[in-house]
Amino acid sequence: MSFEVTLKVRRYSKEKGSWWQEYKLNVDRFTTVVEALRRIKTEQDPTLSFRASCHMGVCGSCGMKINGKPKLACKTLIVNEGKKEITIEPMDNFPVIKDLIVDLDSVYRKMNKVIPRVTPPEEVIQGKAETRLKPEDQKELWSFAQCIICGLCYSACPVVETNKDFLGPAVLAMVYRFSADPRDTLGKKRLEIVDDPIIGIWNCRVAGSCSVVCPRNVDPSLAIQRLKEVSMK
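The shown structure was predicted, so the numbers you read here are calculated from the model rather than taken from an experiment.

### A short note on the overall build of the protein chain
Per the secondary structure count, the protein chain includes ten helices and seven strands. In terms of overall dimensions, the protein chain has C-alpha extents of about 60 × 35 × 30 Å along its principal axes. When burial is assessed residue by residue, the protein chain has 45% of its 233 residues classed as buried. For the protein chain, long-range pairs separated by at least 24 residues make up 61% of all intrachain contacts whose partners lie at least 6 apart in sequence. Accessible area of the protein chain: about 12,400 Å², with a carbon and sulfur share of 51%.

The structure is reproduced here in structure tokens:
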């Protein structure tokens, strides 16, 4: 059974600035927000701009605010929003490029600062030895390795809102993922980076909003608290 819903989209362009635009659409209980946006773009307004790729919560490209909360549009069923009018906005704490598309370059720059890759010992690189990951190590690392860099945690983070230099939830969770990996040798160097009083772990206020909105259950807040423990030791 289908029903009519109104999608109220916050649009933006450099020429016109920001404005709200409403679209009416018939949907059913299986319709996701990203599917509704695609239908609007195809059937009503080809100028509407947004990002979407995999449609299965893996690529992270369809992050946006839906009814005031950062979510992935491909994982959000319209029927679950419980309203006949749904507001859709670009994520907070990012420059808006056009409509629902934001610029995530700041996250990538911060990510590069922490050397986001496993760096094994020199003898392993030369093929003279090997390091193995034990099942218990894999269990510890698994959830923190699931980040898809969607940006939702940055949109929800109150610290990012006031401190643009803060490395942020996703990057700090990534630091813990590598620091806790027994195959890696750069744990101390990364810890020196995240110990910085302006951009690092001590700026986190433990609001937990990053973990609440994460679509992959990464729990960045927990990762940051564990980094604090390592730093204290």
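### A few points about the pairing of strand 1 (residues 3-13)
Pairing of strand 1 with strand 2 (residues 17-27) involves eleven bridges; the strand directions are antiparallel. Pairing of T6 across the sheet is with K24, part of strand 2. With antiparallel pairing between neighbouring strands as the criterion, strand 1 and strand 2 make up a hairpin whose turn holds three residues. Relative to strand 5 (residues 85-89), strand 1 runs parallel, the two being bridged by four bridges. Opposite V9, over in strand 5, you have I88 as the bridge partner.

### A few points about the layout of surface pockets
Counted as a void, the largest pocket has a volume near 190 Å³. In this structure, the largest pocket is lined by K69, P70, K71, L72, K75, T76, L152, V212, V213, C214 and P215. Counting residues per element, the ones that place at least two in the lining of the largest pocket are strand 4 (69-72) and helix 9 (209-213). Here the lining of the largest pocket is built from residues that sort into seven nonpolar, one polar and three charged.

### Re the packing of helix 7 (residues 169-179) against helix 8 (residues 187-194)
Packed helices, taken two at a time, are described by the angle their axes make and the gap between the axes. At a minimum axis separation of 9 Å, helix 7 and helix 8 run at an interaxial angle of 155°. As far as their axial angle goes, helix 8 and helix 7 are roughly antiparallel. In this structure, the crossing between helix 7 and helix 8 has a hand that is left-handed. Side by side, helix 7 and helix 8 meet where L172, V175, F178 and S179 of the first sit next to G187, R190 and V194 of the second. Residues of the contact of helix 7 with helix 8, tallied by class, amount to four nonpolar, two polar and one charged.

### Considerations on the environment of A52
As for its position among the elements, A52 is in the loop between helix 1 (33-43) and strand 3 (63-66). When the C-alpha positions of A52 and E35 are compared, they lie 9.6 Å apart, and in sequence the two are 17 residues distant. Beyond its immediate stretch of four places on either side in the chain, A52 contacts V34, R38, S61 and C62.

### Re the packing of helix 7 against helix 10 (residues 220-232)
Where helix 7 contacts helix 10, the two axes come as close as 8 Å, and the packing angle between them is 55°. Judged by the inter-axis angle, helix 7 sits oblique to helix 10. In this structure, the crossing between helix 7 and helix 10 has a hand that is left-handed. Listed contacts from helix 10 to P169, L172, A173, V175, Y176 and S179 of helix 7 are P220, A223, I224, R226 and L227.

### Here's the deal with helix 10
In this model helix 10 runs 19 Å from its N-terminal to its C-terminal C-alpha over 13 residues, within 8% of the 18 Å that 1.5 Å per residue would give. Of the positions making up helix 10, those classed as buried are P220, S221, A223, I224, L227, K228 and S231. The buried side chains of helix 10 occupy one side of the element, clustering within an arc of 160° when seen end-on. On its buried face, helix 10 is in contact with helix 7, helix 8 and helix 9.

### Thoughts on the nonpolar core
Within the largest apolar cluster, 62 residues are counted, with the highest numbers of intra-cluster contacts made by L7, L37 and I88. No other element matches the eight residues that helix 7 contributes to this core. Excluding residues that lie within four positions of it along the chain, L37 makes contacts with L7, V9, L48, F50, M64, I88 and L100.

Definitions and limits used
Along each chain, residues carry numbers from 1 onward, in the same order as the chain's sequence is written. Totals for whole chains, interfaces and linings use every residue, but because this is a predicted model, local features are given only for residues with pLDDT of at least 70 and side-chain atom pairs only at 80 or more, for both listing and counting. As a rule here, side-chain values come from all non-hydrogen atoms in the structure, and water together with hydrogens is ignored. In this text, helices come from DSSP runs of H or I with a minimum length of four residues, and strands from runs of E with a minimum of two, each type numbered from the N-terminal end. Only protein chains enter the accessibility calculation, which uses a 1.4 Å probe. A residue is then buried if its area is under 20% of the maximum for its type, exposed if over 50%, and partly exposed in between. Contact between two residues is taken to exist if any of their heavy atoms lie within 4.5 Å; hydrogens are not considered. Residue-level accessible areas treat just the shown protein chains as cover; the underlying method is Shrake-Rupley with a 1.4 Å probe. A pair of strands is labelled paired if DSSP reports no fewer than 2 bridges between them. For cavity detection a 1 Å grid was placed over the protein atoms alone, and a set of points counts as a cavity when a 1.4 Å probe fits there but cannot get out; an open set counts as a pocket when protein lies on both sides within 12 Å along at least five of seven lines, with lining residues being those that have an atom within 4 Å of a point. Grid points are joined across faces, edges and corners, and a volume is the space filled by probe spheres set on the points. When residues are sorted by character, Ala, Val, Leu, Ile, Met, Phe, Trp, Tyr, Cys and Pro go into the nonpolar class, Asp, Glu, Lys and Arg into the charged class, and all the rest, Gly among them, into the polar class. The convention used is that axes are lines fitted to C-alpha atoms, helices contributing only their stretch in contact, and that angles between N-to-C directions extend from 0 to 180 degrees. Working definition: roughly parallel below 35 degrees, roughly antiparallel above 145 degrees, roughly perpendicular at 65 to 115 degrees, and oblique for all remaining angles. Handedness of each helix crossing follows the sense of rotation of the near helix against the far helix: counterclockwise by less than a right angle gives left-handed, clockwise gives right-handed. Each residue after the first adds 1.5 Å to the expected span of a helix. For this quantity, the arc is that covered by the directions from the helix axis to the C-beta atoms. Put simply, buried Ala, Val, Leu, Ile, Met, Phe, Trp, Tyr and Cys residues joined by side-chain atoms within 4.5 Å make one nonpolar core.

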